[in-house]
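# Residue-level structural notes
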Amino acid sequence: MTAIDLIDLFQRELELCRVKPGEVMAVLSGPGTRNDYIEAFVAAGQRLGAEVFHLNLPTAKKTSNNTRPTTAQGALWGLTPLTGHKSGVEILKKAGILIDLVGLLHSPEQVEIQKAGTRVLMVVEPPDILARMLSRPNSRPRVEAAGRKIAAAKTLRITSPAGSDLTYQLGQYSHTPILQYGYTDTPGRWDHFPGVFAYTWPNEGQSEGTIVLHEGDIIFPFKEFVRNDIVITVEKGFITDIRGGFDAEHLKHFMAAWNDPDAYAMAHIGWGLDEMALWNGISLINKESAIGQDGRAYYGNILWSTGPNTDVGGTRNTPAHLDIAMRGASLYLDGEPMVEKGDVIPADQQIKRG
Ligand SMILES: [Fe+2]
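Described below are features of the structure shown in this document. (Residues numbered from 1 in each chain as written. Predicted model: local features only at pLDDT ≥ 70, side-chain atom pairs only at ≥ 80, totals over all residues. Heavy atoms only, no water.)

### What to know about unusual backbone geometry
- Residue proline 194 follows phenylalanine 193 across a cis peptide bond; omega there is 10°.
- One can find proline 194 in the loop between strand 8 (190-193) and strand 9 (197-200).
- Looking along the chain, the bond that leaves phenylalanine 220 and enters proline 221 is cis, with omega of 15°.
- By secondary structure assignment, the location of proline 221 is in the loop between strand 11 (218-220) and strand 12 (224-225).
- Non-glycine residue lysine 223 carries a positive phi angle of around 55°.
- With respect to the helices and strands, the residue lysine 223 is situated in the loop between strand 11 and strand 12.
- Using a relative accessible area of 15% as the deciding quantity, one classes lysine 223 as buried.
- Located in the positive-phi region is asparagine 259, a residue other than glycine, with phi close to 50°.
- Note on placement: asparagine 259 falls in the loop between helix 7 (246-257) and strand 15 (266-272).
- Given the relative accessible area of 70%, asparagine 259 is considered exposed. (Helix = DSSP H or I, 4+ residues; strand = E, 2+ residues; numbered from the N terminus. Buried < 20%, exposed > 50% of the residue type's maximum accessible area, 1.4 Å probe, protein only.)

Listed below in structure tokens is the structure:
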């Protein structure tokens, strides 16, 4: 993709975000941010007449909260160049839109910036994935239909042919589900370019059951397929047992390295609705260059996670975070199927295939 192509792509994205002439647009970068993304977003914002500034921050300073074991690094969600950087937060709160090129997700600083009315767009993926998964006109209404179902539900159950059967209680956080459709045009709202999926956080301490991960499921941050079954027991909202072969041992070791009970808490849960995302996308990427939106958002996957819940006002501010995408599984809200064996069931969430 040429530099001009990239500016054109980012201009289309900023138009979806309804960036207006005179609006303040911030671009946040840190160590390792792609220079071509900084330059292309600045240029695209200026094309649309925005008042653009670029803020580059150094690596986060060490605090008592980020001295985790190095074995778990590569997944330090919530610890960013903005961690503890008060003046940076204040400057970014002045923007109408913040283009987040460092990954502020699951950080208290992002929550504070959103509360000031700034909409936040995270962008990490390489250009070919951004271009393929740019939001389509039917992306938003389908995920908003999913959000209405989540907001009305009291229970969420996931099952799978491999033997999963786990129920989450909803209500504590589910009245405002998190809906991702790949752009943000509403004050204070976060989204991630690209990806289409819906999710929520369960009530704390009330998830019960068993999940059996099966070959073809994907564990992030490893960005690896599961190759043999992993039996995960959940009691009172926390993982209490992980059993199986090598994959289970690997996962167990990773979790233990955090030395943090909150790492085992059940976190966001939802399903993917992005027909342009690829189940096997992780086989096609350079792992270092992509966050894995293909695997997280593909149509009909069940995505569950562990760790933090500060995004929705909870108190678990832990950088230990797994996202796990299950293929061919089922998800029910109060008994009504949203996904059955990998097929999206409600008509208003489906892609109409011609
Ligand atoms: Fe996540």
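Now that the structure is up, let's keep going.
### As for helix 1 (residues 3-16)
- Taking 1.5 Å of rise per residue, the 14 residues of helix 1 would be expected to cover 20 Å, and the 20 Å separating its terminal C-alpha atoms lies within 8% of that figure.
- Among the residues making up helix 1, those that are buried are Leu6, Ile7, Leu9, Phe10, Gln11, Glu13 and Leu14.
- On its buried side, helix 1 packs onto strand 1 (24-29), helix 2 (35-47), strand 3 (97-100), strand 4 (119-123), helix 5 (127-133) and strand 8.
- Just beyond helix 1, the residue with positive phi is arginine 18, at close to 55°. (Expected span 1.5 Å × (residues − 1). Contact = heavy atoms within 4.5 Å.)

### Concerning the nonpolar core
- One finds Phe10, Ile99, Leu213, Trp271 and Trp304 to be the most contacted residues of the largest nonpolar core, which totals 73 residues.
- Here this core takes six residues from helix 2, the largest share from any one element.
- Setting aside anything within four residues of it in sequence, one finds tryptophan 304 in contact with Tyr168, Ile211, Leu213, Ile232, Ile239, Met266, His268, Ile269, Leu322, Asp323, Ile324 and Met326.
- Counting 34 residues, the second-largest nonpolar core is a separate cluster that includes Ala26, Leu98, Val120 and Ala267. (Core = buried A, V, L, I, M, F, W, Y, C linked by side-chain atoms within 4.5 Å.)

### Points about the sheet that holds strand 20 (residues 343-344)
- The sheet built from eight strands is open, its strands ordered 14-13-10-6-5-18-19-20 with antiparallel pairing. Edge positions in the sheet fall to strand 14 (238-244) and strand 20, since each has one partner strand and no second.
- For strand 10 (residues 208-213) and strand 13 (residues 230-235), the ladder comprises five bridges, and the chain directions are antiparallel. Bridge pairing links threonine 210 to threonine 233 in strand 13.
- Packed on one face of the sheet, helix 7 meets strand 13 and strand 14 and runs near 145° to strand 14. (Pairing = 2+ DSSP bridges. Axes fitted to C-alpha atoms, helices over the stretch in contact; angles between N-to-C directions.)

### Section: the coordination of the iron ion
- Bound to the iron ion are the protein donor atoms His268 (NE2), His321 (NE2), Asp323 (OD) and Asp323 (OD), situated 2.1 to 2.7 Å from the metal.
- One way to put it: the four donor atoms around the iron ion meet at angles of 52 to 125°, and that makes the site irregular. (Donors = N, O, S within 2.8 Å, 3.2 Å for Na, K, Ca; no water. Tetrahedral: all angles 85-135°; square planar, octahedral: opposite > 155°, others 65-115°.)

### Re the pairing of strand 17 (residues 322-326)
- Of all five residues in strand 17, five are buried; the element is thus mostly enclosed.
- The side-chain alternation of strand 17 yields two buried faces, one formed by Leu322, Ile324 and Met326 and the other by Asp323 and Ala325.
- Pairing of strand 11 with strand 17 involves three bridges; the strand directions are antiparallel. Among the inter-strand pairings, phenylalanine 220 is bridged to a residue of strand 17, identified as aspartate 323.
- Bridge count between strand 16 (residues 302-306) and strand 17: five bridges; the pairing is antiparallel. Among the inter-strand pairings, isoleucine 302 is bridged to a residue of strand 17, identified as methionine 326.

### Section: the packing of helix 1 against helix 2
- Packing of helix 1 against helix 2 brings their axes to within 8 Å, and their N-to-C directions diverge by 55°. Our classification of the angle between helix 1 and helix 2 gives oblique. Along this stretch, helix 1 crosses helix 2, giving a crossing that reads as right-handed. Note on element contacts: helix 2 touches helix 1 through Asp36, Tyr37, Ala40, Phe41, Ala43, Ala44, Gly45 and Arg47, opposite Leu6, Ile7, Asp8, Phe10, Gln11 and Leu14.
- The residue makeup of the contact of helix 1 with helix 2, split by class, is nine nonpolar, two polar and three charged. (Parallel < 35°, antiparallel > 145°, perpendicular 65-115°, else oblique. Left-handed = near helix turned anticlockwise from the far one by under 90°. Nonpolar A, V, L, I, M, F, W, Y, C, P; charged D, E, K, R; others polar.)

### Some remarks on the layout of surface pockets
- Considered as a void within the structure, the second largest pocket measures approximately 650 Å³ in volume.
- Lining the second largest pocket are 37 residues, and of these Gln114, Ile178, Trp190, Tyr199 and Asp311 sit closest to its centre.
- Secondary structure elements with two or more residues in the lining of the second largest pocket: helix 4 (108-115), helix 6 (139-152), strand 7 (178-180), strand 8, strand 9 and helix 8 (293-297).
- Per-element tally for the lining of the second largest pocket: the top contributor is helix 4, with four residues. (1 Å grid on protein atoms, 1.4 Å probe; cavity = no way out; pocket = protein on both sides within 12 Å on 5 of 7 lines; lining within 4 Å. Points joined across faces, edges and corners; volume = space filled by probe spheres on them.)

### Focus: the pairing of strand 6 (residues 165-169)
- With burial as the criterion, only one face of strand 6 is covered, namely that bearing Leu166 and Tyr168; the residues Asp165, Thr167 and Gln169 on the opposite face remain uncovered.
- Sheet topology note: the strand 5 (residues 155-159)/strand 6 ladder contains five bridges and is antiparallel. Bridging across to strand 6, leucine 156 finds its partner in tyrosine 168.
- What sits between the antiparallel neighbours strand 5 and strand 6 is a turn of five residues, in which glycine 163 has the positive phi angle 120°.

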